[in-house]
Amino acid sequence: MNRPRIALLGIMLESNAFAPVATRDDFHRHYYREGEALLEEARAPVSAIPTEMAAFVQAMDVTGPWEPVPLLFANTPPWGPADWTFIAGCLDRIEAMLADAGPVDGVYIANHGAMTSTETLDPDGEIVARMRACAGNGVPVIVTHDLHANLSERLVEACDMLIGYTTNPHVDMRDRGEEAAFAMRRMLAGMRPKSAFIRLPLTPPSVTLLTAAGPYADMIDHGQRRMRESGGEIINVTILGGFVFADTPKNGVSIVVTARSDEAAARALAREIAEYGWSIRERFRRELMPVEAAAALALETAADPALPAVIFSDAGDNPGGGGEGRTTWLLRALVAAGARGVFYGSFFDPELAEEAHRAGEGARIEAVFNRDRETEFSKELRVPAEVLKVTDGRFVGRLGIYRGRQVDLGPSAALRIGGPEGIVVIVIGARQQTADPMFFESFGLDIAAARVVCVKSRGHFRAGFLPWFSPSQVFEVDTAGLTSPVLDRFRWRHLPRPVYPLDAVTEWAPPDW
């Protein structure tokens, strides 16, 4: 096989069951590429393509001859279930392009793994199963997934290897794409891996799924250590924390262990990791800081320069988990308290951003957040403000999950509330979580000058803002919204009850293989 032909595709969405439907326009507005356009971006030094696809292509390029067969890649920030008409159309298009391209020797699929749709709760499984049917048995099918994926038996059975992220915040996408390429090369050379899959009745809130420390970190460390000790037989250990807000029967922490050839070894290690994770399940709980306490801490921090600066996570309104990006609970409390030295980012309100652009830098306006767009959680807030700076919202990420990637926030503005030392609010025209310092620095703001930084992000901001804020300076605030970590606030329809921690009495027994 001199030039193996490898199909490339992906449809990425993390679906929050409580958020509005993600439509065709959402995908096309953010990222949609077909054919050679996909390949060009994957090979470009800087682009908006998800990093694992770029890494896979570039690793294949440097490890030997091959023929890419680029099909379709669509991606949009986390939102609600996908419109099935759009997803089905993408699948039909992918199959038609693959039929026109002719037989392939391998398939690489870069999906998020927590997508649902208006017709099926497992579109990721549908995508992989249909690609298996198109490619045929014996053709390597390798899938990469976000750490927050919800995994179905159908998907695991349809692919030869599932590779999940190992870091949260996610900073290992390039490593995982490269791993997928190296695994593809080994499979093309004859390797036939064997996998074992276990899903626990454990659906933790995302704030407990960090990998620097905590129960999830301990599970991943355990698996990686045992893989290293296997003498090369175990080639991948994937532990997916899941995305509880997708609300599906396949929710739950999933363990997939892949062996070079020994299925018994894969099963033994999967069971060992699952039993360990279940034994520490009580650690998957987290206490949050009340909004009032956050406002008080902001005042205290601003009043005493000797105290370390702090960063607040507006945890209930994380656009990276399907949040609207425009709740006002924390901002309202800070304004009411007269907080000073605060950078607040980023508030999704295209109308307000456009108004600031029309008014111009230096203008004083009545900033009306959520004008005529109130929801259950996103209420109107009116405050006098000064337009500090306006931008087109485009930059290249500097740290964390956006590092080296093109970011487009749409027309955006920095508004200052409460005088020269008050609150600077970044208002953006495209919904994104604030996980990179460039969300502030692109407005000429010096993060080191802030006493308090507030971000609409659940956890990815930790990697982007680590140079200024150690873990002891991070506080997760209990704000209401579509991504609140307090899980009993939601009306669940599809979770596999009983499930921990929602149900204190939940039982699990390891599989009897």
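Residues numbered from 1 in each chain as written. Predicted model: local features only at pLDDT ≥ 70, side-chain atom pairs only at ≥ 80, totals over all residues. Heavy atoms only, no water.

**Details of the overall build of the protein**
Consideration 1: When you go through the protein residue by residue, the secondary structure sums to 14 helices and 19 strands.
Consideration 2: Seen through its C-alpha atoms, the protein measures out along the principal axes to roughly 65 × 50 × 40 Å.
Consideration 3: Within the span of the protein, comprising 513 residues, buried residues form 62% of the whole.
Consideration 4: Here the analysis covers contacts within the protein between residues at least 6 apart in sequence; of these, 74% occur between residues at least 24 apart.
Consideration 5: Accessible area of the protein: about 19,000 Å², with a carbon and sulfur share of 49%.
Consideration 6: In the protein, 52 side chains carry a positive charge and 67 a negative one; their mean positions are 1 Å apart. (Helix = DSSP H or I, 4+ residues; strand = E, 2+ residues; numbered from the N terminus. Buried < 20%, exposed > 50% of the residue type's maximum accessible area, 1.4 Å probe, protein only. Contact = heavy atoms within 4.5 Å. Areas by Shrake-Rupley, 256 points an atom, 1.4 Å probe, with all protein chains shown as cover. Lys, Arg positive; Asp, Glu negative; His and termini not counted. Charge placed at Lys NZ, Arg CZ, Asp CG, Glu CD.)

**Structural notes on the nonpolar core**
Consideration 1: Core analysis: the largest hydrophobic core is formed by 56 residues, its most contacted members being Ile 239, Ile 255, Val 257, Phe 440 and Val 453.
Consideration 2: Counting residues per element, this core draws most heavily on helix 9 (residues 263–279), which supplies 6 residues.
Consideration 3: Setting aside anything within four residues of it in sequence, one finds Val 257 in contact with Lys 194, Ser 195, Ala 196, Ile 234, Asn 236, Val 237, Ala 266, Leu 269, Ala 270 and Ile 273. (Core = buried A, V, L, I, M, F, W, Y, C linked by side-chain atoms within 4.5 Å.)

**Here we look at helix 5 (residues 123–135)**
Consideration 1: The end-to-end C-alpha separation of helix 5 is 18 Å, in line with the 18 Å expected for 13 residues at 1.5 Å each.
Consideration 2: Most of helix 5 sits inside the fold, with 11 of its 13 residues counted as buried.
Consideration 3: Taken together, the buried positions of helix 5 are occupied by Pro 123, Asp 124, Gly 125, Glu 126, Ile 127, Val 128, Ala 129, Arg 130, Met 131, Arg 132 and Ala 135.
Consideration 4: On its buried side, helix 5 packs onto strand 1 (5–12), helix 4 (84–101), strand 4 (106–110), strand 5 (141–145) and helix 6 (153–158).
Consideration 5: A positive phi of about 95 degrees marks Gly 136, the residue just after helix 5. (Expected span 1.5 Å × (residues − 1).)

**Structural notes on the packing of aromatic side chains**
Each pair of aromatic rings is reported with the distance of its centres and the angle of its planes.
Consideration 1: Within the structure shown, the criterion is met by 19 aromatic pairs.
Consideration 2: A ring pair is formed by Phe 395 and Phe 439, whose centres lie 5.5 Å apart and whose planes are at 70 degrees; its orientation type is edge-to-face. Linking Phe 395 in strand 14 (residues 394–396) with Phe 439 in helix 13 (residues 438–441), this pair joins segments that are 44 residues apart in sequence. The same class applies to Phe 395 and to Phe 439, which are both buried.
Consideration 3: Over the ring of Tyr 500 we find Arg 281, and its NZ or CZ is 5.9 Å from the ring centre.
Consideration 4: Positioned above the aromatic ring of Phe 348 is the side chain of Arg 373, whose terminal nitrogen or guanidinium carbon lies 5.6 Å from the ring centre. (Phe/Tyr/Trp six-rings, centres within 6.5 Å; stacked < 30°, edge-to-face > 60°. Lys NZ or Arg CZ within 6 Å of the ring centre and 35° of its normal.)

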